[in-house]
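A look at the structure
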Amino acid sequence: MSNYKIKLAENTIDKSEKNNLSNWIKKNDYYTKGKLTLKFEQEFAKKLQNKFSIFVNSGSSANLLIAKGIQELHKKKKIKIVLPSVSWITTVMPFEQLGYDIKLLDCSTYDLGLDVIKLENICKTFKPEYVCVVHVLGHLNNMQKIIQLSKKYKFRIIEDNCEAIGSHHKKKISGSYGFASSCSFYYGHQITTIEGGMVSTNDKKLNEIMISVRSHGWARDINKNIKKKYEKKYKIDEVRSLYTFYYSGFNLRSTEVNAKLGLSQIKKIKKIALKRNKIFKLYSKYLKDFWIQNSNTDLISSFGYGTLVKNRTEVYKELKKNKIESRPLICGNIGLQPVWLKKYNKQKNLQNADVVHNHGIYLPIHYNIKDKDVEFVCKIFKKIARPIFFNT
Ligand SMILES: Cc1ncc(COP(=O)(O)O)c(C=O)c1O
């Protein structure tokens, strides 16, 4: 437990949800994946304007499931993918662990998403089959341009939406742009199932594969018609069919207990996104002399207020002294993380990501934060922080 007065994150599970959950546990005996999971998946898919959603035990598992599902779909390992250098470590690592052919791409100085000019250049030389975006701190990438490039250069988009649940632009919600998208319901994200994540897609075949990959790669969960076809092909009898595996899988399932929480949390997305958007605007007003993450987003379900400072350690320490929690701007440049450098050389063309790595810091935004807390954070921050911009 932290002794910060102004925390980066606070729980969104309220008293009535806790009571409902404990009553439900007392009345029921079956807690592993079942009817509530299915209901949560259906409601989440609807919310994201997608056909299918699959509930898993974390956002990292969601990314892993997408990475493995796509390999099974193409029946090959070495798939060319562009990944964002400014992202979360488990946005990138599942693709690395599974042997994808990876290129990291620099971030935009505008929204910290992919730099679309550099993306077009890499499309000409590397010819990616997939491009992954992360909506850093809730700000949408320049999706209009990225979709245009995806048509021109024939790549599919994967969308890591773990920091942006509830953000939307021109009535299109984040998480609905990708061939597949991931969400995280970890404590401190927009909504929570304690731990948890979701994969969403409109692609029937990928969905079938991922449902199986989530549960060991077994046949049990897959569509009856597909299952029949496989049983004929591989001569599987009724008994053997209970433990037959058509894909290389994991166990990434969550439980009915977490799904029960998800079903009540999902109702709060709009209200939480509105509050986070309001707090983002308040920070922007007070910190206008500092670099502000501009956005292609009509409503920013802001995960935290990201900014750049020359003297990050001093700022961090001063905030801490005043019991204000802060963090570096997520993983900075993944290409500078020791886990990456142990295996790969430093990539030279990630200049913007390097600035984020060394100078990025983010400030608290959550549902319970008050205007006066934001005013206090900004007062302390402005007293000590020295602004820096990408091109200085
Ligand atoms: C962009 C992004 N992707 C993936 C994850 C992983 O989510 P989880 O913590 O649920 O594994 C996070 C976690 O904060 C994240 O910020």
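Keep in mind that this is a model prediction, so the values were computed, not measured.

Looking only at helices and strands, the protein chain has 14 helices and 12 strands in total. For 392 residues, the compact-globule estimate of 2.2 N^0.38 gives 21 Å, and the C-alpha radius of gyration of the protein chain, at 22 Å, lies within 12% of that figure. By its C-alpha atoms, the protein chain is 75 × 55 × 40 Å across when sized along the principal axes. Scored against the burial criterion, the 392 residues of the protein chain give a buried share of 49%.

The strand order across the open sheet formed by 7 strands is 1-9-8-5-4-2-3, and the pairing between neighbours is mixed. In the strand order of this sheet, the two ends are held by strand 1 (52-56) and strand 3 (101-105), each with one partner. Within this sheet the neighbouring strands show an average axis-to-axis angle of 20°, counted without direction. Inspection of the sheet shows strand 4 (residues 130-134) paired to strand 5 (residues 156-160) by 5 bridges, in the parallel sense.

This part is about the pairing of strand 2 (residues 80-84). Most of strand 2 is tucked away, with 4 of its 5 residues classed as buried. Note that strand 2 and strand 3 share 5 bridges and pair parallel. By the bridge assignment, Lys80 is partnered in strand 3 with Asp101.

As a further point, take the sheet that holds strand 11 (residues 327-328). An order of 10-12-11 is seen for the 3 strands of this open sheet, with the pairing classed as antiparallel. In the strand order of this sheet, the two ends are held by strand 10 (305-308) and strand 11, each with one partner. Note that strand 11 and strand 12 (residues 360-363) share 2 bridges and pair antiparallel. Residue pairing for strand 12: Pro328 is matched across the bridge by Ile361.

Around the ligand lies a shell of 14 residues, among which Gly59, Ser60, Trp88, Cys162 and Ser184 are the nearest. Contributions of two or more residues to the shell around the ligand are made by helix 3 (59-74) and helix 4 (89-97). Here the residues of the shell around the ligand sort into 4 nonpolar, 8 polar and 2 charged.

One can describe the packing of helix 10 (residues 269-286) onto helix 14 (residues 371-384) by two numbers: an axis separation of 10 Å at closest approach and a directional angle of 35°. Note on packing geometry: the crossing formed by helix 10 with helix 14 is right-handed. In contact with Ile279, Leu282, Tyr283 and Tyr286 of helix 10, helix 14 contributes Asp371, Val374, Glu375 and Cys378. Of the residues assigned to the contact of helix 10 with helix 14, the class counts are 6 nonpolar, no polar and 2 charged.

In this section: helix 7 (residues 204-214). With 9 of its 11 residues buried, helix 7 lies for the most part within the structure. Within the span of helix 7, buried status applies to Leu206, Asn207, Glu208, Ile209, Met210, Ile211, Ser212, Val213 and Arg214. Contact partners of the buried residues in helix 7: strand 1, helix 3, strand 8 (180-184), strand 9 (197-201) and helix 8 (224-233). Phi for His216, located one or two positions after helix 7, is positive at around 65°.

Counting buried positions along helix 8 gives 0 out of 10 residues, so the element sits mostly on the surface. Two residues or fewer past helix 8, Lys235 is found with a positive phi of approximately 50°.

Now for the nonpolar core. For soluble globular proteins, the rule of thumb is that nonpolar side chains tend to be buried together. Counting residues in hydrophobic clusters, the biggest one holds 99 residues, and the most contacted among them are Ile54, Leu65 and Val199. Broken down by element, the residue count for this core peaks at 6 residues, all from helix 3. Lining this core are residues from two domains, each supplying at least three of them: domain 1 (15-266) and domain 2 (269-384). When neighbours within four sequence positions are excluded, Leu65 is seen to be in contact with Ile54, Val56, Val199, Met210, Val213, Arg214 and Leu252.

This part takes up the domain arrangement of the protein chain. When its domains are assigned, the protein chain resolves into domain 1 (15-266) and domain 2 (269-384). A C-alpha centroid distance of 26 Å is found between domain 1 and domain 2. The interface of domain 1 with domain 2 comprises 33 residues on the first partner and 32 residues on the second. Where the side of domain 1 that touches domain 2 is concerned, the elements lending two or more residues are helix 4 and strand 6 (168-169). When grouped by side-chain class, the residues that make up the side of domain 1 that touches domain 2 number 16 nonpolar, 11 polar and 6 charged.

As for its placement among the helices and strands, Asp160 is situated in strand 5. Given 29 C-beta atoms within 10 Å, Asp160 falls into the buried group. Sequence-wise, Asp160 and Tyr110 are 50 residues apart; in three dimensions their C-alpha atoms are separated by 18 Å. Those residues in contact with Asp160 that sit more than four places away from it in its chain are Asn63, Ser87, Thr91, Cys132, Val133, Val134 and Ser182.

On to unusual backbone geometry, then. Despite not being glycine, Lys75 has its phi angle at roughly 55°, a positive value. With respect to the element layout, Lys75 can be found in the loop between helix 3 and strand 2. Residues other than glycine seldom take positive phi values, yet Lys127 does so here, at roughly 55°. By the secondary structure assignment, Lys127 is in the loop between helix 5 (116-125) and strand 4.

With respect to the helices, strands and loops of the structure, Gly262 is situated in helix 9 (residues 256-265). Each C-alpha atom, one on Gly262 and one on Thr192, is 6.9 Å from the other, the two residues being 70 residues apart in sequence.

Quick notes on the rules
- Residues numbered from 1 in each chain as written.
- Predicted model: local features only at pLDDT ≥ 70, side-chain atom pairs only at ≥ 80, totals over all residues.
- Helix = DSSP H or I, 4+ residues; strand = E, 2+ residues; numbered from the N terminus.
- Rg over C-alpha atoms; globule rule 2.2 N^0.38 Å.
- Buried ≥ 20, exposed ≤ 12 C-beta atoms within 10 Å, placed from the backbone.
- Pairing = 2+ DSSP bridges.
- Axes fitted to C-alpha atoms, helices over the stretch in contact; angles between N-to-C directions.
- Near = placed C-beta within 6 Å.
- Nonpolar A, V, L, I, M, F, W, Y, C, P; charged D, E, K, R; others polar.
- Left-handed = near helix turned anticlockwise from the far one by under 90°.
- Contact = placed C-beta atoms within 7 Å.
- Core = buried A, V, L, I, M, F, W, Y, C linked by C-beta atoms within 7 Å.
- Domains from an automatic or database assignment.

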